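Analysis of the macromolecular model
Letter by letter, the chains look like this.
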Amino acid sequence: MFYLTIDYWKNVMWYFFFLAVHTLVLSDNAITKLPGQLLSNLASLSHLLLDRNLLENLPSSLFEANVSLTVLDLSHNRFSQIPEAVTQTLPDGALHQLQSLSLSGNLVDELGSFDMPSLWRLEVSDNKLQNLTGLNLAGMPGLQVNYIDYYGNTGCGVFKRRV
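Residues numbered from 1 in each chain as written. Predicted model: local features only at pLDDT ≥ 70, side-chain atom pairs only at ≥ 80, totals over all residues. Heavy atoms only, no water.

1. Concerning the overall build of the protein
- When you go through the protein residue by residue, the secondary structure sums to two helices and seven strands.
- When the 163 residues of the protein are sorted by exposure, 38% land in the buried category.
- At a minimum sequence separation of 6, the contacts of the protein that also span at least 24 residues come to 51%. (Helix = DSSP H or I, 4+ residues; strand = E, 2+ residues; numbered from the N terminus. Buried < 20%, exposed > 50% of the residue type's maximum accessible area, 1.4 Å probe, protein only. Contact = heavy atoms within 4.5 Å.)

Pasting the structure below:
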C-alpha cells in the first residue's frame, strides 16, 4: 500500500495543476527577470504571453523542456536582440512547434537566423531594424508564404507582407 500525507498530496495536486496549464499570461507586470526553470513543469503549455514587461533577456534554459509552445508574445519589452533562449537550437524539438512569435515594440536591430520550421507569423514591427538582410528564412519555411510584420522600424521603408 502507498499512503499519501496531506503535505505530499498538496504538492501532487499542484504538480498536476501545472501539467494542465495551456496558457500562461504574465503580461503587464513590470517583470525584469524570469527563473530558468519557470516552464519546466508546464508540459502542456501552448501559449506564453510575456508582453508589456521590462525584460531585456531570457534565461537560456527557459524553453528546454517545452515542446508544446505554439504562441510566444515578447512584445513591448526591452529586448535589443532576439533572446538566445528563442534562437538557439534546443534538444527534443523544443520550440519546433512555435507558430507565432511577436517581438513588436522592442529595441531589436537585427534578426539573424534561427530554426523554427512551424513558424508562420513573425511580428517585429516598431523596433530598430534597418532591413531584413540578416533574416534567414530557410529555417522557417512556413513564414515565406504567410505573415511578416515589419512596419514602423527605424531607417527603413514601410514593409508589411501578408499572404
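2. Here's the deal with the pattern of salt bridges
- Inspection of every chain in the model, using the stated rule, returns one salt bridge.
- For Glu123, the salt bridge is made with Arg121, and the minimal N-O distance between the two is 2.5 Å.
- By relative accessible area, which is 18% here, Glu123 ends up buried. (Salt bridge = Lys/Arg side-chain N within 4 Å of Asp/Glu carboxyl O.)

3. Here we look at the nonpolar core
- With 34 residues, the main nonpolar core has Leu48, Leu58, Phe63, Leu72, Leu74, Val86 and Leu101 as its most contacted residues.
- Ignoring sequence-local partners within four residues, the contact set of Leu48 consists of Leu24, Leu39, Phe63, Leu69, Val71, Leu72 and Asp73. (Core = buried A, V, L, I, M, F, W, Y, C linked by side-chain atoms within 4.5 Å.)

4. Considering unusual backbone geometry
- A positive phi angle, near 55°, is found at Asp28, a position not held by glycine.
- By the element assignment, Asp28 lies in the loop between β1 (23–25) and β2 (47–49).
- Residues other than glycine seldom take positive phi values, yet Ala30 does so here, at roughly 55°.

5. Details of the environment of Glu123
- Mapped onto the secondary structure, Glu123 falls in strand β5 (residues 121–123).
- When the C-alpha atoms of Glu123 and Asp73 are compared, they prove to be 9.2 Å apart, with 50 residues separating the residues in sequence.
- Among the polar contacts listed, one links the side chain of Glu123 to the side chain of Arg121, at a separation of 2.5 Å. (Polar contact = N/O pair within 3.5 Å; in protein donor to acceptor, adjacent residues only side chain to side chain.)

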